[in-house]
Amino acid sequence: MRRLWRPLLVGAVIVVTVFLLAEAHVFKPSVAKSAGAGDPKAGQLVFESKCAGCHGTGGKGGGPGPRLVGSGLTADQVSTQIAQGGGIMPAGLVSGTDEADVAAYVASIGKS
Amino acid sequence: MPLADVAQRYTDLVTTVFSSTISAKAWLATVVLVLVFVQVTTAARMWGRLSFLPARGPVVATVHRWSGRVAFLVSLPVFLHCVTILGFQTPDARVAIHCVAGTLLYGVFAAKILILKDRELPGWALPVAGATLASVLGVLWASSALWYFTRVRFGF
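One structure accompanies this document, and this report is about it. (Residues numbered from 1 in each chain as written. Chains lettered and ligands numbered in written order. Predicted model: local features only at pLDDT ≥ 70, side-chain atom pairs only at ≥ 80, totals over all residues.)

Some remarks on the packing of helix α1 (residues 5–24) of chain A against helix α4 (residues 93–117) of chain B
Reasoning step 1: Axis separation between α1 of chain A and α4 of chain B bottoms out at 7 Å; the angle between their running directions is 155°. What the angle tells us is that α1 of chain A and α4 of chain B run roughly antiparallel. The handedness of the crossing between α1 of chain A and α4 of chain B is right-handed. Taking contact as the criterion, the partners of Arg6, Pro7, Leu8, Val10, Gly11, Ala12, Ile14, Val15, Val18, Phe19 and Ala22 of chain A in α1 of chain A are, on α4 of chain B, Thr103, Leu104, Tyr106, Gly107, Val108, Ala110, Ala111, Leu114 and Ile115 of chain B. (Axes fitted to C-alpha atoms, helices over the stretch in contact; angles between N-to-C directions. Helix = DSSP H or I, 4+ residues; strand = E, 2+ residues; numbered from the N terminus. Parallel < 35°, antiparallel > 145°, perpendicular 65-115°, else oblique. Left-handed = near helix turned anticlockwise from the far one by under 90°. Contact = placed C-beta atoms within 7 Å.)

Notes on helix α4 (residues 75–84) of chain A
Reasoning step 1: Within α4 of chain A the residues assigned to the buried category are Ala75, Val78, Ser79, Thr80, Ile82 and Ala83 of chain A.
Reasoning step 2: Just past α4 of chain A, the residue Gly85 of chain A takes up positive phi, approximately 70°. (Buried ≥ 20, exposed ≤ 12 C-beta atoms within 10 Å, placed from the backbone.)

Section: the packing of helix α2 (residues 21–46) of chain B against helix α3 (residues 58–86) of chain B
Residue and element names in this part refer to chain B.
Reasoning step 1: Between α2 and α3, whose axes approach to 8 Å, the crossing angle comes to 155°. In terms of orientation, α2 and α3 fall into the roughly antiparallel class. Every pair of crossing elements has a handedness; the one defined by α2 and α3 is left-handed.
Reasoning step 2: In terms of residue class, the contact of α2 with α3 is made up of 17 nonpolar, 8 polar and 2 charged. (Nonpolar A, V, L, I, M, F, W, Y, C, P; charged D, E, K, R; others polar.)

Nothing here speaks to function; it is geometry throughout.
This is the structure we're talking about:
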């Protein structure tokens, strides 16, 4: 019984180390690159399959994520949010061309 | 290479197979969960709790060891993304529970391995450590992959 403190101590040290590593956020993504000229129509297809679960069909809200229609978000703002996550939204839900397309689509519905 | 580029390199790498980093994590975590199920059943067999399993003796022990090793390796990309790229976050209960469980995971794993190696510890220590580890992994999967598959999308 007396020997049990050793594995528990090592485990506790590793838990603290992992927590400090997570707090340090060593590989936090830099601000997203410009989304470039994404295709809003292609972005709509990606949005409906990957984003509508939280933001609602067409970004009209109704789920845990905010309504995006009329939000006024720019493509760069959307791209940054996708890359870094925020609130309950995890980072990296879409990437690459899909990210640029979704950013263009969300920016387009943000104006309406 | 700037540290921030690691995130982009990681994203580029995993999206050669999966549609997104979170999809990759959801599937890798599911593989780990399946291997944890193998771990629990083979451990139960070795402790004489599941007599219906056909495999006996060293085969069960070998399957148990290798499923654990593979589970550990498969968990590493998830660790990289969650701990070093996303960091510790508490925006809501799901994410907070996930972050706390994730922080505990490797500590519990290390304690379990050390308990396994020490034959002078009481007999209940190893099953308790193994059950704790499996429970932590179950909580991690339920608070991430299950949420992704049911609330975001089910696919690669």
